[in-house]
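Structural characterization, general
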Amino acid sequence: MKNTINKIDWKDSRNLTALVDFYELTMMKGYMDNGFKDLTAYYDMFFRKVPDGGGFAIMAGLEQLIRYVEGIKFEEDDIMYLRSKGMFSEEFLEYLKTFKFRGDMWAIPEGTPIFPNVPMVVIKGHVMEAQFVETMVLLSINHPSLIATKANRIVRAAQGKSVLELGARRGQGYDAAIYGARAAYIGGCTATATMMAERMFGVPAVGTMAHSWVMLFPSEYEAFKAWAASFPDNCTLLVDTFNVLKSGMVNAIKVFDEVLKPQGKRPNGIRLDSGDITYLSIKCREMLDAAGYPDCKIIVSNSLDEYIIKDVIEQGAVIDGYGVGERLITARSESVFGGVYKLSAIELNGQLVPKIKISENEIKTTNPGFKFTYRLFDKDLHKALVDVICLADEIIDESKPYVIFDPIHTWKKKKITNFYAKRLQVEIFKDGKCVYECLSVHEIQKFCKEQVNTLWSEVTRFENPHNYFVDLSRKLWDLKYEMLSEHVFED
């Protein structure tokens, strides 16, 4: 069910145009000085490694990027600041006064499972425009994709039990807390503790009490009784301030009996925030059931992640929901997504000229040219088989078998039959105008769950996941290795 609370317009009131690496401006001036102002260039954003050794990542942050691109505008104080640097000509500053993004953009929709080297965002435009947006492309996509990926891992570890995002106070700044809550919801979390995320995006906000509530009252019993009186329809009590089994649970059940039951109300739950949560959850369940509250939920928190959740489930814990804070909102186990933004082609005299970056580290050698990616699905099972990165003018013929091969170990080949192909990148901007209708965060979460279900279990497992195939089309592979062969240097 969609959240029906009236949302505020989450368009950022800050003008973030100047949130760029300074070298983007110096390069732009250099392009103008060298006659490249109107040169058309193509850039790809992609990542090289799935965080946490996982089998896949989750795309997120696209709507944030769209809103930034639509709002690009240099203010007069921006121009004055740049003039004060003494590095930029008046011609360049005049250009910036009317600067905006007028190019084209394609991107993979939010919630889609993604794999290394597949372009997440593709940009075509005048080189000065395409270069300028580099920082915000990376900033808008990297962090949300990291958090959505981490959240999805945690949600899958919870095996259908609810996961609440509780990390705002541990987030690395307020933007990380707010946009991280949105990304966590895309990844599958059921709610957040961050109220602003509900106001801005419609992510359900929830909250109960802190230990300070219990400590403020003369006794734990009086604290619980006051809470139940204030929230009889949604009473969840934090039972670990002193002693879970000898104090917290005894007082909670007493309050359920004395305050809620006479009103015909049922308790919503109890929360554990410390101790051996497996042992305590089992004992709490026994006490609640014996007292006549089998419907009272047990929620646990306390520095959880996918590995701890997996372990406590295997140990027989009786838990209805997990509150996950710092290890989710900071992606503590691997805090960098690692997306990069690379030039892939330019246009000269009406012809597309591919570009390649070569490195002694093979993973850093880029794929040249203007490209899109097709995901091939089994026609009967609707499971994803392979991603094929193709040049933009290629179309995969679904009526014929398609041979894939490892781009490095080219003798490893496989013939794909009985499949259908779906292009992953969709058009976002055309000539500077947004032509994409963003989905609600609830629709994105649903889409994400559906798309993750198209992956084989071998890809989604936590330990040693299957290496999902990301191959190059034969045409792209030939182009890449032709370009590599042109850059052979003698010792």
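Positions within a chain are numbered from 1, following the residues in the order the chain's sequence is written. Selection of residues for local features in this predicted model requires a pLDDT of at least 70, selection of side-chain atom pairs for listing and counting requires 80 or more, and totals for whole chains, interfaces and linings are taken over all residues. To obtain the side-chain values, all non-hydrogen atoms of the structure were included, while hydrogens and water were left out.

Glancing now at the overall build of the protein. The helix and strand labels rest on DSSP assignments: H or I over at least four residues marks a helix, E over at least two residues marks a strand, and numbering proceeds from the N terminus. Helix and strand counts for the protein stand at 17 helices and 21 strands. Dimensions along the principal axes, computed over C-alpha positions, put the protein at roughly 85 × 60 × 45 Å. Partly exposed describes any residue whose relative accessible area lies between the buried limit of under 20% and the exposed limit of over 50%, with all areas from a 1.4 Å probe on protein chains only and scaled to the type maximum. Relative to its 491 residues, the protein shows a buried fraction of 52%. Of the accessible surface of the protein, which amounts to about 23000 Å², a share of 52% is contributed by carbon and sulfur atoms. By the counting scheme adopted, Arg and Lys are positive, Glu and Asp are negative, and His together with the chain ends is not counted. Every charge is mapped onto a representative atom, which is NZ of Lys, CZ of Arg, CG of Asp or CD of Glu. In the protein, the 60 positive side-chain charges and the 66 negative ones have mean positions that sit 3 Å from each other. What sets the accessible areas is the Shrake-Rupley method with a 1.4 Å probe; for residues, cover comes only from the shown protein chains.

This paragraph deals with the sheet that holds strand β14 (residues 371-378). If you walk across this open sheet you meet the 4 strands as β18-β14-β15-β21, and the pairing is mixed. Each edge of the open sheet carries a strand with a single partner, namely β18 (419-423) and β21 (470-472). Across the sheet, the axes of successive neighbouring strands diverge by a mean angle of 30°, strand direction being ignored. With 3 bridges connecting them, strand β15 (residues 384-391) and β21 associate as parallel partners. Looking across to β21, one finds that Asp387 is bridged to Val470. The criterion for strand pairing is that DSSP finds at least two bridges linking the strands in question. Throughout, an axis means a line fitted to C-alpha atoms (over the contacting stretch in the case of helices), and angles, computed between N-to-C directions, take values from 0 to 180 degrees.

Think of a disulfide as a covalent bridge from one cysteine sulfur atom to another cysteine sulfur atom. When the sulfur atoms of two cysteines come within 2.5 Å, that pair is taken as a disulfide. Summed over the entire model, instances satisfying the criterion amount to 0 disulfides. Free of any disulfide, Cys434 has its nearest neighbouring cysteine sulfur in Cys438, separated by 5.9 Å. Taking the relative accessible area as the measure of exposure, Cys434 reaches 21% and is therefore partly exposed.

If you want to describe how two helices pack, look at the angle between their axes and the distance between the axes. It is the contact of helix α6 (residues 134-157) with helix α13 (residues 306-314), at a shortest axis distance of 8 Å, that shows an interaxial angle of 0°. The angle between α6 and α13 places the two elements in the roughly parallel class. Where α6 abuts α13, its residues Lys150, Arg153, Ile154 and Ala157 lie against Glu306, Tyr307, Ile309 and Ile313. Split into classes, the residues belonging to the contact of α6 with α13 amount to 5 nonpolar, no polar and 3 charged. Any angle that falls under 35 degrees is termed roughly parallel, while one over 145 is termed roughly antiparallel, one within 65 to 115 roughly perpendicular, and all others oblique. Two residues form a contact once any of their heavy atoms are found within 4.5 Å. Throughout this entry, Asp, Glu, Lys and Arg are counted as charged residues, while Ala, Val, Leu, Ile, Met, Phe, Trp, Tyr, Cys and Pro are counted as nonpolar. The remaining residues, Gly among them, count as polar.

Note on terminology: a nonpolar core comprises buried Ala, Val, Leu, Ile, Met, Phe, Trp, Tyr and Cys residues joined through side-chain atoms within 4.5 Å. Residues Leu25, Leu96, Val121, Phe132, Phe256 and Ile270 are the most contacted members of the largest nonpolar core, which totals 135 residues. If one sorts the elements of this core by residue count, α6 sits on top with 11 residues. Sequence-distant contacts of Val121, that is, excluding residues within four places in its chain, are made with Tyr43, Asp44, Met45, Met59, Leu65, Met105, Trp106, Ala107, Val137 and Ile141. Counting residues in hydrophobic clusters, the runner-up holds 11 residues, among them Ile396, Tyr402, Ile416 and Ala421.

Right, let's get into the side chain of Ser145. Looking at the secondary structure, you find Ser145 in helix α6. Setting aside anything within four residues of it in sequence, one finds Ser145 in contact with Ile58, Met59, Ala60, Met120 and Phe337.

For a helix, the expected span equals 1.5 Å multiplied by the number of residues minus one. Its 12 residues place the ends of helix α15 (residues 441-452) 16 Å apart at the C-alpha level, agreeing with the 16 Å of an ideal helix rising 1.5 Å per residue. Among all positions of α15, only Val441, His442, Ile444, Gln445, Phe447, Cys448, Gln451 and Val452 are buried.

Let's shift gears to the UniProt feature "domain: Nicotinate phosphoribosyltransferase N-terminal" (unreviewed entry) in the protein. Within this structure's numbering, the places UniProt gives as "domain: Nicotinate phosphoribosyltransferase N-terminal" (unreviewed entry) are residues 20-142. A distance of 15 Å separates the end C-alpha atoms of residues 20-142, which is 43% helix and 17% strand. UniProt positions are given in the numbering used here, feature names are shortened, and annotations may be inferred rather than shown by experiment.

Here helix α1 (residues 22-33) contains 12 residues, and its C-alpha end-to-end distance of 17 Å stays within 8% of the 16 Å for a straight helix at 1.5 Å per residue. Restricting attention to buried positions, one finds in α1 the residues Glu24, Leu25, Met28, Lys29, Tyr31 and Met32. Here the buried residues of α1 occupy an arc of 155° about the axis, which is enough to place them on one side. On the buried face of α1, the contacting elements are β1 (40-46), α3 (76-84), α4 (90-97), α5 (127-132) and α6. Directions pointing from the helix axis toward each C-beta atom define the arc.

On to the pattern of salt bridges. Basic side-chain nitrogens of Lys or Arg form a salt bridge, by our definition, when they fall within 4 Å of a carboxyl oxygen of Asp or Glu. Using the criterion set out here, one finds 31 salt bridges in the structure. Note that Arg83 is salt-bridged to Glu90, the shortest N-O span being 2.9 Å. Overall, the relative accessible area of 34% leaves Arg83 in the partly exposed class. In this structure Glu90 comes out as partly exposed when scored by relative accessible area, which is 43%. For Asp478, the salt bridge goes to Arg474, with nearest N and O atoms at 3.3 Å. Here the residue Asp478 and the residue Arg474 both occupy positions in helix α17 (residues 474-485), the gap between them amounting to 4 residues, near one helical turn. Judged by relative accessible area, Asp478 falls into the partly exposed class, the value being 34%. A single network of salt bridges, built from pairs that share partners, joins Asp52, Lys150, Arg153 and Glu306.

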